[in-house]
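Coordinates in review
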Amino acid sequence: MNQDTSQTPTGIFVDKDKCTGCGNCADTCPFGAILVDETAVIGEGCNLCAACVDACDFDAIYILGKKEAALTGPDDSRGVWVYAEQREKVLAPVSMELLGEGRRLADILGCPLSAVLLGHQVAGLADTLFAFGADVVYLADHPDLEGFTDERYSAVLTELITEHRPNIVLAGATAVGRSFIPHVAAKLGTGLTADCTGLDIDPQNLLLQTRPAFGGNIMATIVCPERRPQMATVRPRVMKRPTPQPGRKGQLVQVSLNHSGFKTSLMEVVQELTDQVNLAEAEIIVTGGRGLQSAKNFQLIYELAGLLGAAVGASRGAVDAEWLSYAHQIGQTGKTVNPKLYIAVGVSGAVQHLVGMQSSDVIVAINNDPHAPIFNVATYGLVGDLFEIVPALIEGIKARMGI
Ligand SMILES: Cc1cc2nc3c(=O)[nH]c(=O)nc-3n(C[C@H](O)[C@H](O)[C@H](O)COP(=O)(O)OP(=O)(O)OC[C@H]3O[C@@H](n4cnc5c(N)ncnc54)[C@H](O)[C@@H]3O)c2cc1C
């Protein structure tokens, strides 16, 4: 429930002059969210279903803003929006990846693609967003948006969405996106599919949002048929970064900040000390799985990786066996990567592993089981014993290098 109209005029309200305290609303509420204390009092369980509005014979209950935004029926012309995340005035790579995917979806729907850029002194980033496919950039550039807080960013994005009512809103499943995008969806009363690994448009023009479900054992495709916008977050590096078109132009819409009196502000950013495994940036990754049989045998993987200038990855099977640290894990509960070359050695290719690496440019799989699922995504498959194939590869590379 939101009865604070000072910042966002949305929510459900009781007109105490009209309410007689008859209790019809409380009896009707499917969530038991209404108490009657002389007049109706709407509590936290309310999800704006509006059953009480219909039940009230005195027109004493009404919904502002949120319901209108959420329940507006499908209208594909309103466009696809991408939240263009920036940190310290540098665009997060996922912003460009989402513009590529957003462009594809917008072209299917025949509607514009817009980017929303929030921050302070970030106007210079708009050209990059146009180059990566945005037709429109909504820019809220204000000192109050210098540091990210959920409260500030969700207030501004919610207001923009309520005003312009896009059909689809995409954001990165980064620490920032995961933190504030659910606030936005909740304020708008619409659905949000987090951590999507695939997006598409169905014949009814609905957004198909695919993500691992039920502990990662199946891939579920989720739709949001009634509420708008359709909202999804996507993990970095799942979507391909498009090729930019330098000089491409679009419309820049300056957005003024109608908010003040924020309760939160950013005091300090503390850099986390991370592990030394830079899988995210690596152009080549050699990954070992349980097929290696022991930590000692990972020496083969390190030797091959060393010759190729590659980073070393691991399946969860190998990490759970404590052959490598978690920092190396690739997959649903590890890192998402998309190098130019991904070599999977003794990895079966469980769906939870595939979601973390399947967008790699070239995938080479080495496995002695010809039916291993890794071969379904492999560009080149080598069926055989890794303890024969990997040493042969190492020797072949050494010979080519003359060492
Ligand atoms: C919620 C959840 C999240 C998960 N997240 C992740 C994740 O982030 N990343 C991840 O990787 N997994 C994840 N998993 C686990 C995943 O389901 C698999 O169990 C795991 O990926 C298996 O690791 P593996 O391929 O190394 O082992 P296995 O499945 O045991 O495969 C070993 C492969 O090696 C092959 N092999 C054996 N010996 C040889 C040989 N001599 N030569 C060649 N090939 C050989 C076998 O044929 C087999 O295909 C998750 C599971 C769940 C439920």
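Residues numbered from 1 in each chain as written. Predicted model: local features only at pLDDT ≥ 70, side-chain atom pairs only at ≥ 80, totals over all residues. Heavy atoms only, no water.

**Focus on the domain arrangement of the chain**
The domains assigned to the chain are domain 1 (11–62), domain 2 (76–254) and domain 3 (284–401). A separation of 59 Å is found between the C-alpha centroids of domain 1 and domain 3. (Domains from an automatic or database assignment.)

**Focus on the nonpolar core**
In this structure, Val80, Leu99, Leu117, Leu129, Val137, Leu170 and Leu199 are the most contacted members of the largest nonpolar core, which totals 35 residues. At the level of elements, β5 (80–83), α4 (93–109), β8 (113–119), α5 (126–131), β9 (136–141), β10 (168–172), β12 (198–201) and β15 (230–234) are the ones that each hand at least two residues to this core. The element that contributes the greatest number of residues to this core is α4, accounting for seven residues. If sequence neighbours within four positions are ignored, Val80 has contacts with Gly102, Leu105, Ala106, Leu109, Cys111, Pro112, Leu113, Ser114, Ile168 and Leu170. (Core = buried A, V, L, I, M, F, W, Y, C linked by side-chain atoms within 4.5 Å. Buried < 20%, exposed > 50% of the residue type's maximum accessible area, 1.4 Å probe, protein only. Helix = DSSP H or I, 4+ residues; strand = E, 2+ residues; numbered from the N terminus. Contact = heavy atoms within 4.5 Å.)

**Considering the packing of aromatic side chains**
In this description, an aromatic ring pair is defined by two values, namely the gap between the centres and the angle between the planes. What the rule picks out here adds up to seven aromatic pairs. On the numbers, 5.5 Å between centres and 70° between planes, the contact of Phe148 with Phe180 is edge-to-face. Of this pair, Phe148 sits in the loop between β9 and α6 (150–164) while Phe180 sits in helix α7 (residues 175–188); the two residues are 32 residues apart in sequence, bridging distant segments of the chain. The partly exposed category is assigned to Phe148, whose relative accessible area is 22%. Under the relative-accessibility criterion, Phe180 is labelled buried at 0%. A centroid spacing of 6.4 Å and a plane angle of 55° characterise the contact between Phe298 and Trp323, whose relative ring orientation is tilted. Residue Phe298 is located in helix α8 (residues 298–308), and its partner Trp323 is located in the loop between α9 (316–320) and β19 (341–345); the two are separated by 25 residues in the primary sequence. No difference in accessibility class separates Phe298 from Trp323, as the two residues are buried. (Phe/Tyr/Trp six-rings, centres within 6.5 Å; stacked < 30°, edge-to-face > 60°.)

**Describing the sheet that holds β12**
Overall, antiparallel pairing links the three strands, which are arranged β12-β13-β14 in an open sheet. Strands at the two margins of the open sheet, each flanked by one partner only, are β12 and β14 (218–222). Here the strands of the sheet are splayed against their neighbours by 25° on average, with no regard to which way each runs. Where strand β13 (residues 207–213) lies against β14, five bridges are found, and the strand directions are antiparallel. Of the residues in β14, the one forming a bridge with Gln209 is Ile222. Relative to β12, α4 is tilted by about 15°, and along the sheet it contacts β12 and β13. (Pairing = 2+ DSSP bridges. Axes fitted to C-alpha atoms, helices over the stretch in contact; angles between N-to-C directions.)

**A word on unusual backbone geometry**
Cis rather than trans, the peptide bond between Arg228 and Pro229 has omega equal to 0°. With respect to the helices and strands, Pro229 occurs in the loop between β14 and β15. Although it is not a glycine, Glu38 adopts a positive phi angle of roughly 70°. Tracing the backbone through its elements, the reader meets Glu38 in the loop between β2 (34–37) and β3 (39–42). For Glu38, a relative accessible area of 72% corresponds to the exposed category. Of note in the backbone geometry, Lys89 takes a positive phi value of approximately 70° without being a glycine. With respect to the element layout, Lys89 can be found in the loop between β6 (86–87) and β7 (90–91).

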